[in-house]
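# Examination of the molecular architecture
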Amino acid sequence: MASAFATHHINGQNFISTLHRSNHRRPLGGPIRVAMDQKSSYWASINDDIEAHLRRAIPIREPFSVFEPMHHLTFSAPETTAPALCIAACELVGGHRHQAIAAASALRLMHAASYVHEHIPLTDQPRPNSPPRPGPKFGPNVELLTGDGMVPFGFELLAKSDALDDEHSGRILQVIIEITRAIGAQGGQCTDMGNGSTRMVGEGKGGELHACGAACGAILGGGSEEEIEKLRKYGFYAATIQKMSKMKEGEKNREAIEEMRRLAFKELEHFDGEKVEAISIFVNV
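Residues numbered from 1 in each chain as written. Predicted model: local features only at pLDDT ≥ 70, side-chain atom pairs only at ≥ 80, totals over all residues. Heavy atoms only, no water.

## Some words on the overall build of the protein chain
Filter applied, for reference: A run of H or I in DSSP counts as a helix once it spans at least four residues, and a run of E counts as a strand once it spans at least two, with each numbered from the N terminus. Whether a residue is buried, partly exposed or exposed follows from its accessible area with a 1.4 Å probe, protein chains only, as a fraction of its type maximum: under 20%, in between, or over 50%, in that order. Pairs of residues are marked as contacts when any of their non-hydrogen atoms sit within 4.5 Å. With residues, only the protein chains shown are counted as cover, and all accessible areas are computed by Shrake-Rupley using a 1.4 Å probe.
Counting its regular elements, the protein chain contains 10 helices and four strands. Listed by position from the N terminus, the elements making up the protein chain come as β-β-α-α-α-α-α-α-β-β-α-α-α-α. The buried share of the protein chain, reckoned over its 285 residues, is 51%. Once local pairs closer than 6 in sequence are excluded, the contacts in the protein chain between residues at least 24 apart make up 71%. Accessible area for the protein chain stands at about 13700 Å²; split by element, carbon and sulfur atoms hold 54% of it.

Next up, the structure:
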């Protein structure tokens, strides 16, 4: 039996998991599976709520030189599951969707800002490996400044959250700290896949953002410290599974994904089974 060792960095701490490979196949995700229509419905409802919240927050209005590029660049960036995971984690610990909608929207803005900065058109020619982006095109100076402006605007959304009583204000502050740490994360985690093959998985911006999203949702939903840390790890595993699922490693890679999925579900054993079914969509890919 061969093993792959993965070093993960979560909230400034390192932990190592061993990915065992055996000759038999484990069931994907164990008994916690949800029907595709349920997955699609839950996923769609969360994303619809996040998008509606952002469209209300970033309408195309005066000054048009500010809000038009911000609006288009936000919604033209590829989606990430980190904002939806934030809401799912909030609901898992007993919170309500409205408590996490601002944080989820902020996470989407942070992701869009990162994407904009990585794909700024430096010349009139399209950048290599840069996917075409729908909607109007803006100059590199406008995109750079707009990407910079998305970050503080996301924090402004959090600061203007509803029901800012003393308890909730403390949670918002904690979430702002979490997001600040996540968007400042650099680098990635290296996983030895065996046979001299090494891959980067759960890279900083993806793994940290998902870990942050899950932790923020648990914080806003009133989760305990133990629940917050469990969901932080679950978020990191979710991002890693999504990253590894795109690799072309054949059976060897699928076995590693199965083991990573098992570790993810282990973090959910503490929670209510019915609610776990909803959040399991993030690792059942």
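## Describing the packing of aromatic side chains
Heads up, the condition is: Here a pair means two rings of Phe, Tyr or Trp (six-membered ring of Trp) with centres within 6.5 Å. Their orientation is stacked below 30 degrees between planes, edge-to-face above 60, and tilted elsewhere. A ring has a charge above it when a Lys NZ or an Arg CZ is no more than 6 Å from the ring centre and no more than 35 degrees off the ring normal.
In the structure shown here, the tally under the stated rule is one aromatic pair. Ring centres 6.1 Å apart and planes at 65° place the aromatic pair Trp43 and Phe282 in the edge-to-face group. Here Phe282 lies in the segment after α10 (273-279) and Trp43 lies in helix α1 (residues 36-57), a separation of 239 residues in the sequence. Given the relative accessible area of 2%, Phe282 is considered buried. Directly above the ring of Phe67 sits Arg61, whose terminal nitrogen or CZ lies 3.8 Å from the centroid.

## Focus: the pattern of salt bridges
Rules: Between Lys or Arg on one side and Asp or Glu on the other, a salt bridge is scored when a side-chain nitrogen of the former is within 4 Å of a carboxyl oxygen of the latter.
All told, the structure shown has eight salt bridges when counted by the stated rule. Ionic pairing is found between Arg97 and Asp49, a salt bridge with its closest N-O pair at 3.0 Å. Taken together, the positions of Arg97 in helix α4 (residues 97-118) and Asp49 in helix α1 put the pair 48 residues apart, joining distant regions of the chain. Looking at Arg97, the relative accessible area reads 19%, which means it is buried.

## A closer look at the side chain of Glu91
Which entries qualify depends on this criterion: Definition of a polar contact: a pair of N or O atoms within 3.5 Å, with one able to donate and the other able to accept a hydrogen when the atoms are protein atoms, and with sequence-neighbouring residues admitted only if both atoms are side-chain atoms.
One can find Glu91 in helix α3 (residues 82-92). At a separation of 2.7 Å, a polar atom in the side chain of Glu91 contacts the side chain of Tyr42. Residues contacting Glu91, with those up to four places away along its chain left out, are Tyr42, Arg97 and Lys275.

## Some remarks on the state of the cysteines
What counts here: A pair of cysteine sulfur atoms is labelled a disulfide when the two atoms are within 2.5 Å.
Scanning the model with the defined rule gives zero disulfides in all. Free cysteine: Cys216, not disulfide-bonded; nearest cysteine sulfur from Cys212 at 3.7 Å.

## A few points about the nonpolar core
Nonpolar side chains tend toward joint burial in soluble globular proteins. Rules: Throughout, nonpolar core names a set of buried Ala, Val, Leu, Ile, Met, Phe, Trp, Tyr and Cys residues whose side chains join them through atoms within 4.5 Å.
Within the largest apolar cluster, 73 residues are counted, with the highest numbers of intra-cluster contacts made by Leu158, Ile179, Leu231, Leu268, Ile279 and Phe282. Here the element with the most residues in this core is α4; it accounts for 13 residues. Ile279 has contacts with Leu85, Ala88, Ala89, Leu92, Leu231, Tyr234 and Leu268, leaving out every residue within four places of it along the chain.

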